[in-house]
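Next come the chains, spelled out residue by residue.
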Amino acid sequence: MTVRKNQSALTTDEKRRFVTALMELKRNGRYDEFVTTHNAFIVSDTDDGERTGHRSPSFLPWHRRFLLEFERALQSVDASVALPYWDWTVDRSPRASLWAPDFLGGTGRDRDGRVSDGPFAAAGGNWQINVRVDGRTFLRRSLGAGGRQLPTAAEVESVLSMPTYDMAPWNSASDGFRNHLEGWRGVNLHNRVHVWVGGHMATGASPNDPVFWLHHAYIDKLWAEWQRRHPGSGYLPAAGTPNVIDLNETMRPWHDTSPADLLDHTAHYTFDA
Ligand SMILES: [Cu+2]
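This one's a predicted model, so the numbers in the text were calculated from it and none came from an experiment.

## Observations regarding the pattern of salt bridges
And step 1. Applying the stated criterion across every chain yields a total of 26 salt bridges.
And step 2. Put simply, Arg 252 and Glu 50 hold a salt bridge, and the shortest N to O gap is 3.0 Å. Pair noted here: Arg 252 is in the loop between helix 7 (211–229) and helix 8 (259–262) and Glu 50 is in the loop between helix 2 (30–44) and helix 3 (59–77), with a separation of 202 residues, a long-range link.
And step 3. Glu 157 serves as the salt-bridge partner of Arg 229, at 2.5 Å between the closest nitrogen and oxygen. Taken together, the residues Arg 229 in helix 7 and Glu 157 in helix 4 (residues 153–160) connect sequence positions 72 residues apart.
And step 4. What makes Glu 157 partly exposed here is its relative accessible area of 37%.
And step 5. In the salt-bridge network here, residues are joined through shared partners; they are Arg 4, Arg 64, Glu 71 and Asp 220.

In structure tokens, the structure reads:
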């Protein structure tokens, strides 16, 4: 059984295996397929039209399935690997071990945002950015630039306390747990973390930065935590909503899984705590 651990608790060997598996997916081309898929959904998900991956109720089950696909790809390289999660309420500084050279490497240099240490630095030759938002082929970050702050535990708590999963109009204007977690409204959790990392993470091609998976694994964990706190609340909408994925409707691009199929993560993985 896959156990997703807090990234801060990984052993040196676990970090090395995770990075090696990422490198192999990058080398064989599968990694960039995930970047392409994510970018296509970012571009096509709109508040007034069809929306599946983002700014809609299926933001959470869509990313759960997307991460599951990615984790299975990693495990096809090394069966011992699981996706770690990044609790950014605790590891909230660029000095966190997450950003050390033996794991994800640090922030980008001032001039052009180029990440210059760690396994994903362009100079290593193993991490060329192919699914590009501009001409530049090197991974970019600007951790906490401009004095930006990651969300606090109290802010997370305020969102976990919301009893309703999602509400009409089921988009970036909605009240409720999903949109506050996603960040289009209120204290802003998920979106703000993308912006705090900066560089590729602040674009539709955000999975170019491996921290994408650790960020979304924590967002996914917060969904599980919300379910524990609100056992009487379920996924919404239930049925008949135009442009929006209802509970039992299947999601693109897989066409074989509905939100209902993805509500219970324990069928696929558990968390360390
Ligand atoms: Cu996304």
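## Digging into the coordination of the copper ion
And step 1. Those donors, His 38 (NE2), His 54 (NE2) and His 63 (NE2), are the protein atoms that reach the copper ion, and they lie 1.9 to 2.2 Å from it.
And step 2. Linear spacing of the donor residues for the copper ion on their chain is H-x15-H-x8-H.

## Focus on the environment of Arg 92
And step 1. Looking at the secondary structure, you find Arg 92 in the loop between helix 3 and helix 4.
And step 2. Residue Arg 92 is classed as partly exposed on the basis of its relative accessible area of 27%.
And step 3. The spacing of Arg 92 and Leu 189 is 97 residues in sequence and 13 Å in space, taken between C-alpha atoms.
And step 4. Once residues within four sequence positions are removed from consideration, Arg 92 is found in contact with Gln 149, Leu 150, Pro 151, Thr 152 and Trp 196.
And step 5. Among the polar contacts made by the side chain of Arg 92, one reaches the main-chain carbonyl oxygen of Pro 151 at a distance of 2.8 Å.

What counts, and at which threshold
What you see as residue numbers is a count from 1 along each chain, following the sequence as written. Per-residue local features of the predicted model are confined to residues with pLDDT of at least 70, and side-chain atom pairs are confined, for both listing and counting, to 80 or more; whole-chain, interface and lining totals are unaffected and use all residues. As a rule here, side-chain values cover all heavy atoms of the structure and leave hydrogens and water aside. The salt bridge criterion pairs a side-chain nitrogen of Lys or Arg with a carboxyl oxygen of Asp or Glu, the two atoms within 4 Å. Secondary structure counts use DSSP, requiring at least four H or I residues in a row for a helix and at least two E residues in a row for a strand, with both numbered from the N terminus. Residue burial is assigned from relative accessible area. The probe radius is 1.4 Å, only protein chains are included, and a residue is buried under 20% of its type maximum, exposed over 50%, and partly exposed in between. Nitrogen, oxygen and sulfur within 2.8 Å of a metal are treated as its donors, or within 3.2 Å for sodium, potassium and calcium (Na, K, Ca); water is not counted, so a site can appear incomplete. Note on definitions: a residue-residue contact is assigned when non-hydrogen atoms from the two residues lie within 4.5 Å. In protein, a polar contact requires one atom able to donate a hydrogen and another able to accept it; more generally it is a pair of N or O atoms within 3.5 Å, and residues adjacent in sequence count only if both atoms are side-chain atoms.

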